[in-house]
Number of protein chains: 2
Amino acid sequence: MTDFSTPVTGPDFSRGEGGLLPAIAQDAETGEVLMMAWMNQPAFEETLQTGQATYWSRSRGKYWRKGEESGHRQTVRAIFIDCDADTILLKVDQVGAACHEGYRSCFFRQVDSVGVRVVATKLVEPTAVYKKS
Amino acid sequence: MTDFSTPVTGPDFSRGEGGLLPAIAQDAETGEVLMMAWMNQPAFEETLQTGQATYWSRSRGKYWRKGEESGHRQTVRAIFIDCDADTILLKVDQVGAACHEGYRSCFFRQVDSVGVRVVATKLVEPTAVYKKS
């Protein structure tokens, strides 16, 4: 380790595999970590300009304005980047369930030495908010 | 989207580039997001077994027990995985500064339409806790 003070002008998308950086969404009020998704530069700029969290869906290969289908939008209150400028943290106002499985947070499973268990309550049934396609 | 209920037995390291999954460390008391680093299966198992957060450093190409050099250890209180089992969330007791630049959290820079600015106070000078090598 040699250089501790990294001059930074914004997220450095060149550091991410395929130009994608992890973006963590955290509930601006409660501090609950809601989800982690991926952003490329256009998704980041769209988020910054509109104030609505927009990601790049690796599985679907397209931009994804969070909540556009479910209504479970994320209004961005503040954006932070980490020391290496290769991870993004969004503080958001989350409508409804952040998780496509119907939980408030995607991190609804706890892992310990015994195994994995669900530790949250489902807010909505996914079939009620997503079209089957 | 077809399958909403993913059976999960733990993190699915096969889903990560090079077997690495993002691991978010969150302060167990305050909820502050401290850092994001990478874990492979051995790092995860070491973390689970020892209760001390252990990552895989992509830049140094080796395992990295958080705080082994600086003393700024992370004792893990709880581990969660997300709906796709490809992101890990650790709730930790953080000693000192999580960030190698001397800040409590790596997310000490805020980004808005005007630019980037430091919004936190440095806890320690990095040169005081890391050897120059």
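Residues numbered from 1 in each chain as written. Chains lettered and ligands numbered in written order. Predicted model: local features only at pLDDT ≥ 70, side-chain atom pairs only at ≥ 80, totals over all residues. Heavy atoms only, no water.

Looking at the pattern of salt bridges
Residue and element names in this part refer to chain A. Counting across every chain of the model gives 18 salt bridges over all chains. Notably, a salt bridge pairs R104 with D27, separated by 2.5 Å at the nearest N-O pair. Of this pair, R104 sits in the loop between strand 6 (88–94) and strand 7 (109–111) while D27 sits in strand 1 (residues 21–27), and the two are 77 residues apart along the sequence. For R104, a relative accessible area of 23% translates into the label partly exposed. With a relative accessible area of 6%, D27 lands in the buried category. (Salt bridge = Lys/Arg side-chain N within 4 Å of Asp/Glu carboxyl O. Helix = DSSP H or I, 4+ residues; strand = E, 2+ residues; numbered from the N terminus. Buried < 20%, exposed > 50% of the residue type's maximum accessible area, 1.4 Å probe, protein only.)

Quick notes on the pairing of strand 2 (residues 33–39) of chain A
Across a regular strand the side chains alternate sides, sitting on one face of the sheet and then on the other. With seven of seven residues buried, strand 2 of chain A is to be regarded as a mostly interior element. Counting the residues in the hairpin turn of strand 1 of chain A and strand 2 of chain A gives five residues, including G31 of chain A, whose phi is positive at 85°. (Pairing = 2+ DSSP bridges.)

Focus on the relation of the copies chain B and chain A
Rotating chain B by 180° about the axis while translating it 0.0 Å along that axis superimposes it on chain A, leaving an RMSD of 0.0 Å. The operation mapping one copy onto its partner corresponds to a two-fold rotation axis. Considering only C-alpha atoms, the part of chain B nearest the rotation axis is G31 of chain B, at 2.6 Å. Taken as a fraction of all interface residues of chain B, those also at the interface in chain A reach 100%, which identifies the copy contact as same-surface. (Least-squares fit on C-alpha atoms with pLDDT ≥ 70 in both. Contact = heavy atoms within 4.5 Å.)

Purely geometric numbers; function is a separate question.
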